[in-house]
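Residue-level structure breakdown
Spelled out from the first residue to the last, the chains are:
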Amino acid sequence: MMTDDIIHKGSRDAGRANMPDYRQEATTFSWTEARALLDGLADGKLNIAHECVDRHLSRDSGSKVALRFVHKNDSITDITYNDLSILTNRFANVLLSLGLVTGERVYSLLGRKPELYIVSLGSLKAGMVFSPLFSAFGPEPVLSRLEIGAARVLVTTNALYKRKVAPIRDRLPQLEHVLLIDSKKEGDGLLSFESEMQHASTEFNVVATDPEDTALLHFTSGTTGRPKGAIHVHEAVVAHCYTGRVALDLKPDDNYWCTADPGWVTGTSYGIIAPLANGVTMVVDEAEFDIERWYRILESQRVSVWYTAPTAIRMLMAAGTEAASKRDLSNIRFMASVGEPLNPEAVLWSADTFGKPFHDNWWQTETGGIMIANFASMDVKPGSMGMPLPGIVASIVERDNGDVSHVTKPMGIGELVLKTPWPSMMRGYLNEEQRYKKCFSDGWYLTGDLAMRDSDGYYWFVGRSDDVIKSAGHLIGPFEVESALIEHAAVSEAAVIGLPDELAGEVAKAYVALNPGFEPSEGLQLDIRGHARKRLGPAVAPREIIFRKKLPKTRSGKIMRRLLKAREMGLPEGDISTLETDEK
Ligand code: AMP
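All values reported here derive from a predicted model rather than from experimental measurement.

**Considering the packing of helix α10 (residues 236-246) against helix α11 (residues 265-277)**
- Contact geometry for α10 and α11: axes closest at 8 Å, N-to-C directions at 80°. Comparing their axes, α11 and α10 come out roughly perpendicular. Packed against α10, whose contacting residues are Val237, His240, Cys241, Thr243 and Gly244, the element α11 presents Ser269, Tyr270, Ile273, Ala274 and Ala277 at the interface.
- Residues of the contact of α10 with α11, tallied by class, amount to six nonpolar, four polar and no charged.

Here's what the structure looks like:
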């Protein structure tokens, strides 16, 4: 939905922003200048961990709090930049003592605990590749991601190990070392994170990685096949640092809260790297979403910049303004949102409730960093994602086989594309050259999202051009879910689609056809749902299971998810000339 409301920013707002004049900056911008925001290492080398941690020590910021953990019981643990430097040195030494060499992959399967931040930055310091897994994944998503990356090291907790890794460990011959953060015992292929850290030296010289060396492996989902491992390099920190400055308006004195979990790309790019590269104090809440708790944290931690997601904003909005009005939230200076479309109503509600609007921005795992944003100095059009980052050229195109033609008409719908390259652009999908190549045409990166651009240059999200589902900000690949469903003895075929949901944006719904000998029943429905939750975890499993005699398929045997969705939503069925079998 679009609205005619525009939230105007006065010259006072603009003057206080890190980027006071978007149009001017967009004209004069160069990535070389953005790189000058960082220190770099001798001989043109660059290491994300140095930029995030050690360089702040030489600027007398060592005693500043880098990470402030709000534990589930509300107690606080502060980690200064000095502490973080020592702890990441220790972890880098642990990795060397395990015999790892530069470029090997270190995985984490952890909630938002201090160890997650130590492991990520310590791995980067040691020149290893860090790959975070979401702690709410079930064993199947964990297995596929560890397999694809041939993980040698995993850091996790006792409970997560028992539930999600132990059952699949024999299928992971390359996984040599599992470090448990809450266990003192060693043996049986398990190591104690604490004892290894205690024995490790506090001295470490950051590995002088090349800017093009791989730093991060982030998994994302497509419509078909297994998850894709997007490769990101150390150079990405140039975009993280710059976007932190201009799209989140981070300033050194900020108390910044990114509510995203580092198991997903936002929680790493903007929940670890961008804020620390900008030298701010970052608030980390270890607990799950809770309206009262969130307002309490905003107040008690004097949060000044807040980066969150539409599902949470909609839940805050649904709870009304009373909970917010009981708190002193006057420290909040800038609020941003990402991950799904942000309804114009939510933007207007936030402007009323907090005296300032949420600033929507857009990006993807593949782009590594924010690409389109409502910047602090810019008028906000509620419902729009904003304008391209200085240094980024965006366009709307129509694709015809290999050719792209640009849609110039204002508000013409087409695929959102971005001119390559930029520092945080993925450098490949691990071991999947063909899938990677398909993302580009004629020097443009094809995002797979449909969008429009208005006559002022603001971009508006329309939808995905594929069947990928976005639920509560998490990308779900239908194929991954369907694969888990058909492992159930009763299921012969499955199709998973995303349906609109007021709070979560979309929810996954599964249609299944049964094997001979099985009849639809409520008990079977529950059993299949339970199976899916156990294998995939609650964040990925479908919320509803529907029985069908047959699923609609093309002549080539592909299930037509689109048709199921159109029927479910009462929309036109579109071209069904390739339909072979039907559910009816
Ligand atoms: P991910 O790679 O998991 O970060 O998901 C990226 C996808 O999330 C994009 O391709 C969009 O479909 C969606 N997305 C991200 N930000 C926005 C936004 N501001 N508005 C609408 N959709 C968004």
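**Re unusual backbone geometry**
- The omega angle of the peptide bond from threonine 420 to proline 421 is -5°, so this bond is cis rather than trans.
- In this structure, proline 421 sits in the loop between β19 (414-419) and β20 (428-429).
- Positive phi is not limited to glycine here, since alanine 150 has a value of about 45°.
- Phi is positive for alanine 472, which is not a glycine, with a value near 50°.
- Relative to the assigned elements, alanine 472 resides in the loop between β24 (469-471) and β25 (474-476).
- Residue classification places alanine 472 among the partly exposed residues on the basis of a relative accessible area of 34%.

**Let's talk about the layout of surface pockets**
- Taken as a whole, the second largest pocket encloses approximately 330 Å³ of empty space.
- Lining the second largest pocket we find 16 residues, and of these Lys9, Asp13, Arg16, Arg333 and Lys356 sit closest to its centre.
- Class assignment of the residues belonging to the lining of the second largest pocket gives a composition of five nonpolar, four polar and seven charged.

**Focus on helix α7 (residues 139-148)**
- With nine of its 10 residues buried, α7 lies for the most part within the structure.
- Looking at α7, one finds that the buried residues are Pro139, Glu140, Pro141, Val142, Leu143, Ser144, Arg145, Leu146 and Ile148.

**Things to note about empty space enclosed by the protein**
- A complete count under the given rule lists two cavities of 30 Å³ or more for this structure.
- Residue lining of the largest cavity: Pro132, Leu133, Phe137, Arg145, Phe219, Thr220, Ser221, Gly263, Trp264 and Leu475, and that is the complete set.
- Elements supplying a minimum of two residues to the lining of the largest cavity: β4 (129-133) and β8 (214-220).
- For the second largest cavity, the calculated volume is near 40 Å³.
- Together, Phe137, Arg145, Ser221, Trp264, Leu475, Ile476, Gly477, Glu480 and Val540 line the second largest cavity.
- Its residues assigned to classes, the lining of the second largest cavity comprises five nonpolar, two polar and two charged.
- Residue-level mapping places the lining of the second largest cavity at the junction of two domains, with at least three residues from each of domain 1 (10-453) and domain 2 (466-581).

**Overview of the site of the ligand**
- Among the 17 residues in the neighbourhood of the ligand, the closest are listed as Asp360, Asn361, Gln364, Thr365 and Lys470.
- One of the side-chain N or O atoms of aspartate 360 is found 2.9 Å from a nitrogen atom in the ligand.
- In this structure, an oxygen atom belonging to the ligand sits 2.8 Å away from a side-chain N or O atom of lysine 470.
- Burial of the ligand by the protein chains amounts to 96% of its free accessible area of 490 Å².
- For the shell around the ligand, the secondary-structure elements that each account for two or more residues are β14 (358-362) and β23 (459-464).
- Counting residues per element, the shell around the ligand draws most heavily on β14, at three residues.
- Taken together, the residues that form the shell around the ligand break down as eight nonpolar, four polar and five charged.

**Notes on the domain arrangement of the protein chain**
- Looking at the assigned domains, one finds that the protein chain contains domain 1 (10-453) and domain 2 (466-581).
- Measuring from the centre of the C-alpha atoms in domain 1 to the corresponding centre in domain 2 gives 30 Å.
- Each partner contributes to the interface: domain 1 provides 24 residues, whereas domain 2 provides 26 residues.
- Here domain 1 meets domain 2 over a buried area of about 1900 Å², counting both sides, of which 57% is carbon and sulfur.
- By the criterion of area lost to domain 2, the three top residues of domain 1 are Glu140, Thr223 and Trp264, representing 29% of everything that side buries.
- There are two salt bridges connecting domain 1 and domain 2.
- Two residues, glutamate 480 and arginine 145, come together in a salt bridge whose shortest N-O distance is 2.7 Å.
- Where domain 1 meets domain 2, there are 11 residue pairs in polar contact (both at pLDDT 80 or more).
- Contributions of two or more residues to the side of domain 1 that touches domain 2 are made by α7 and α13 (310-318).
- At five residues, the largest contribution of residues to the side of domain 1 that touches domain 2 is made by α7.

About the thresholds
- Residues numbered from 1 in each chain as written.
- Predicted model: local features only at pLDDT ≥ 70, side-chain atom pairs only at ≥ 80, totals over all residues.
- Heavy atoms only, no water.
- Axes fitted to C-alpha atoms, helices over the stretch in contact; angles between N-to-C directions.
- Helix = DSSP H or I, 4+ residues; strand = E, 2+ residues; numbered from the N terminus.
- Parallel < 35°, antiparallel > 145°, perpendicular 65-115°, else oblique.
- Contact = heavy atoms within 4.5 Å.
- Nonpolar A, V, L, I, M, F, W, Y, C, P; charged D, E, K, R; others polar.
- Buried < 20%, exposed > 50% of the residue type's maximum accessible area, 1.4 Å probe, protein only.
- 1 Å grid on protein atoms, 1.4 Å probe; cavity = no way out; pocket = protein on both sides within 12 Å on 5 of 7 lines; lining within 4 Å.
- Points joined across faces, edges and corners; volume = space filled by probe spheres on them.
- Domains from an automatic or database assignment.
- Near = heavy atom within 4 Å.
- Polar contact = N/O pair within 3.5 Å; in protein donor to acceptor, adjacent residues only side chain to side chain.
- Areas by Shrake-Rupley, 256 points an atom, 1.4 Å probe, with all protein chains shown as cover.
- Buried area = accessible area lost by both parts, 1.4 Å probe.
- Salt bridge = Lys/Arg side-chain N within 4 Å of Asp/Glu carboxyl O.

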